[in-house]
Amino acid sequence: NLRGVSRSVVAAGHAVSVVCSNMASPGVRGKRLQAGRFDVEGTQVTYLTTPLRFHWEGISLGARSQLRHDTASHDLVHVWGIRHFLGAIAIREARRQDRPYLVSPEGSVPPRSRNLLPKRVVDWMHTRGAFAHAFRVVATSDLEARDLEAWGLPPSRVVVLPPWADAVPLSSLDRSTLRSSWSLPSDAPVLLWIGRISREKG
């Protein structure tokens, strides 16, 4: 995740800045975070005021000037997600300032659900060009890498970086006690899966 990557890069001695909208929930009247620039575990995070919004997308005020400033003071730009206003501005600034950039489409290419026609139009006008000039396109799995390659990206442009989570301390309880607390038979196989519950996830 972005927070984990930022923490790791900061720990390695590098400066990290994150620019995002201040949307805290989807919808036209969704909740908003306080706009401004904050230090979060060594990462400089800028929340931009986003008055115009639809679902999780929005037009953030001051995006161009903020991204122009941050792009000029950094060696690499990493855009998380695709088909959104801030990402398009960040890619434009990276190309204008001749900075290498990465794009993490996060499983959204090719478009699979909701508003397929608008997504295809955006892909034709923006996404394909953004990928073509990216230093690398970051897939979160081998399956996503194959999807990107089937969409037309050469394998040499795609890198797989699986998602990860911070280590969780092991329980002090023994195996049989843990299983009985969940009413699991001692010999039953157990699969732990973490993800959001939505139609796209099946």
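Our structure's up above, just so we're on the same page.
Residues numbered from 1 in each chain as written. Predicted model: local features only at pLDDT ≥ 70, side-chain atom pairs only at ≥ 80, totals over all residues. Heavy atoms only, no water.

1. Quick look at the environment of Gly 27
Then step 1. Take Gly 27: it is sitting in the loop between β1 (17-21) and β2 (36-40).
Then step 2. Along the backbone, Gly 27 and Asp 147 are 120 residues apart, and their C-alpha atoms lie at a distance of 30 Å.
Then step 3. Filtering out sequence-adjacent residues up to four positions away, Gly 27 remains in contact with Arg 53 and His 55. (Helix = DSSP H or I, 4+ residues; strand = E, 2+ residues; numbered from the N terminus. Contact = heavy atoms within 4.5 Å.)

2. Quick notes on the pattern of salt bridges
Then step 1. All told, the structure shown has 6 salt bridges when counted by the stated rule.
Then step 2. Asp 123 serves as the salt-bridge partner of Arg 83, at 2.8 Å between the closest nitrogen and oxygen. In this pair, Arg 83 sits in the loop between β6 (77-80) and α3 (85-96) while Asp 123 sits in helix α4 (residues 116-133), placing the two residues 40 residues apart along the sequence. Neither Arg 83 nor Asp 123 differs from the other in exposure class; each is buried. (Salt bridge = Lys/Arg side-chain N within 4 Å of Asp/Glu carboxyl O. Buried < 20%, exposed > 50% of the residue type's maximum accessible area, 1.4 Å probe, protein only.)

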